[in-house]
Amino acid sequence: MSKVVKRGYSINDEREFGDKSIEKLYKAANDLYYLLNHEYNIKGASTFIGNHYLLSERQRLALVRAISSKEDIQMRKNKKVTKDLEKSVVNIDGFNTIITLEVALSHSILLKCMDGTIRDLAGLRGSYRLIDKTKLAIKMIGEMLEEIKVAKAIFYLDAPVSNCGRLKEKILELLNEFSFDVQVENVENVDGILQTLDNVITSDAIILDKCKSWINLNKKILENNDYNCPYIDFSMLKG
């Protein structure tokens with residue numbers, strides 16, 4: 001039996017995102033949202049807010065990934081695909097999509113973000129390895145793509161990241177049973193490619209801001225599967 005790995009887990013998560021910390025985190029999120037809406041940049045604003053509330057690095061990362069300005073939220077909403085995707089080609093940010101599902105399957109912290117996406121706190125930093133959750137994560141993607149009847153799925157993986165070749169082989173192996181065509185590209189600059197395309201599957205904010213259109217696939221997958229994930233819900237801050 002393969003070793004059980006909790007993707008995206010930190011030993012301090014229960015303390016840093018537990019009941020005693022969450023009220024302070026939501027206050028900090030509201031303040032960051034205010035600053036972003038007054039044209040402060042995310043780096044400077046999150047540093048100021050993090051220092052003011054004495055937040056940990058992981059709490060600060062959660063705010064940066066979850067909070068967006070009203071303008072950015074609306075722009076991303078306008079580009080989100082809501083039409084029927086039958087017989088379409090989708091372009092998938094491979095590591096981004098698979099890792100979030102691995103985090104969900106690990107019951108590690110997930111973020112319900114203000115722009116409607118689901119993001120995680122896992123770091124990539126050039127290193128990745130397949131874990132006991134990888135196979136199921138890939139099959140969950142395949143099942144959803146089959147359900148929405150796409151014609152072809154193109155996965156883009158960052159070539160500089162370790163084990164991208166093994167992940168490519170695993171994707172092709174596991175999705176071979178489905179009716180849609182599958183292509184996996186190991187490339188040097190995934191972000192740069194996806195920023196020029198439509199029907200992009202990702203939660204990466206930089207890609208969402210520049211791509212032609214995007215699909216909120218992980219949210220759809222996780223809403224259809226009850227894994228009792230520990231969400232930190234920042235989506236309510238829009239009110």
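For the structure, see preceding data.
Residues numbered from 1 in each chain as written. Predicted model: local features only at pLDDT ≥ 70, side-chain atom pairs only at ≥ 80, totals over all residues. Heavy atoms only, no water.

**Quick notes on the overall build of the protein**
Within the protein one finds 11 helices and eight strands. Against the 2.2 N^0.38 benchmark of 18 Å for 239 residues, the protein shows a C-alpha radius of gyration of 18 Å, consistent with a compact globule. A burial count over the protein gives 52% of its 239 residues as buried. Contacts spanning at least 24 positions in sequence make up 78% of the contacts within the protein whose residues lie at least 6 apart. Total accessible area on the protein stands at roughly 12200 Å², and carbon and sulfur atoms take up 47% of it. Charged side chains of the protein number 35 positive and 34 negative; the gap between the two group centres comes to 2 Å. (Helix = DSSP H or I, 4+ residues; strand = E, 2+ residues; numbered from the N terminus. Rg over C-alpha atoms; globule rule 2.2 N^0.38 Å. Buried < 20%, exposed > 50% of the residue type's maximum accessible area, 1.4 Å probe, protein only. Contact = heavy atoms within 4.5 Å. Areas by Shrake-Rupley, 256 points an atom, 1.4 Å probe, with all protein chains shown as cover. Lys, Arg positive; Asp, Glu negative; His and termini not counted. Charge placed at Lys NZ, Arg CZ, Asp CG, Glu CD.)

**A short note on helix H5 (residues 70–79)**
At 3.6 residues per turn, the α-helix brings residues three or four places apart onto the same side. Taken together, the buried positions of H5 are occupied by Ile73, Arg76 and Lys79. Buried residues of H5 fall within an arc of 135° about the axis and therefore sit on the same side. H5 presents Lys70, Glu71, Lys77 and Asn78 as exposed residues on the side facing more than 90 degrees away from its buried surface. On its buried face, H5 is in contact with helix H2 (19–37), strand S3 (118–120), helix H10 (205–210) and strand S7 (214–215). (Arc of directions from axis to C-beta.)

**Describing the environment of Met114**
Relative to the elements of secondary structure, Met114 occurs in the loop between strand S2 (110–112) and S3. Residue Met114 is classed as buried on the basis of its relative accessible area, which comes to 0%. C-alpha of Met114 to C-alpha of Cys211: the two residues are 97 residues apart in sequence and 19 Å apart in space.

**A closer look at the nonpolar core**
One finds Ile141, Leu145, Leu167, Ile171 and Leu217 to be the most contacted residues of the largest nonpolar core, which totals 42 residues. Discounting chain neighbours no more than four positions away, the residues touching Ile171 are Ile98, Ile138, Phe155, Leu157, Val182 and Val184. If you look at the next biggest cluster of nonpolar residues, it comprises 27 residues, including Tyr26, Ile49, Leu63 and Ile232. (Core = buried A, V, L, I, M, F, W, Y, C linked by side-chain atoms within 4.5 Å.)

**Thoughts on the packing of H2 against helix H3 (residues 42–52)**
Axes are the key here: two packed helices are described by the angle between their axes and the distance separating the axes. Between H2 and H3, the shortest axis-to-axis distance is 10 Å and the interhelical angle comes to 145°. At the point where H2 passes H3, the crossing takes the right-handed sense. Across the interface between the two elements, Ala28, Asp31, Leu32, Leu35 and Leu36 of H2 pack against Ile42, Ala45, Ser46, Phe48 and Ile49 of H3. A class-by-class count of the residues in the contact of H2 with H3 yields eight nonpolar, one polar and one charged. (Axes fitted to C-alpha atoms, helices over the stretch in contact; angles between N-to-C directions. Left-handed = near helix turned anticlockwise from the far one by under 90°. Nonpolar A, V, L, I, M, F, W, Y, C, P; charged D, E, K, R; others polar.)

**What to know about H3**
Buried within H3 are the following residues: Ala45, Ser46, Ile49 and Gly50. Buried residues of H3 fall within an arc of 130° about the axis and therefore sit on the same side. Exposed side chains of H3 directed beyond 90 degrees from the buried face belong to Lys43, Phe48 and His52. Close packing links the buried residues of H3 with H2 and helix H4 (57–66). Two or three places before Lys43, at the opening of H3, Asn41 has a side-chain oxygen 3.2 Å from that residue's backbone nitrogen. (Polar contact = N/O pair within 3.5 Å; in protein donor to acceptor, adjacent residues only side chain to side chain.)

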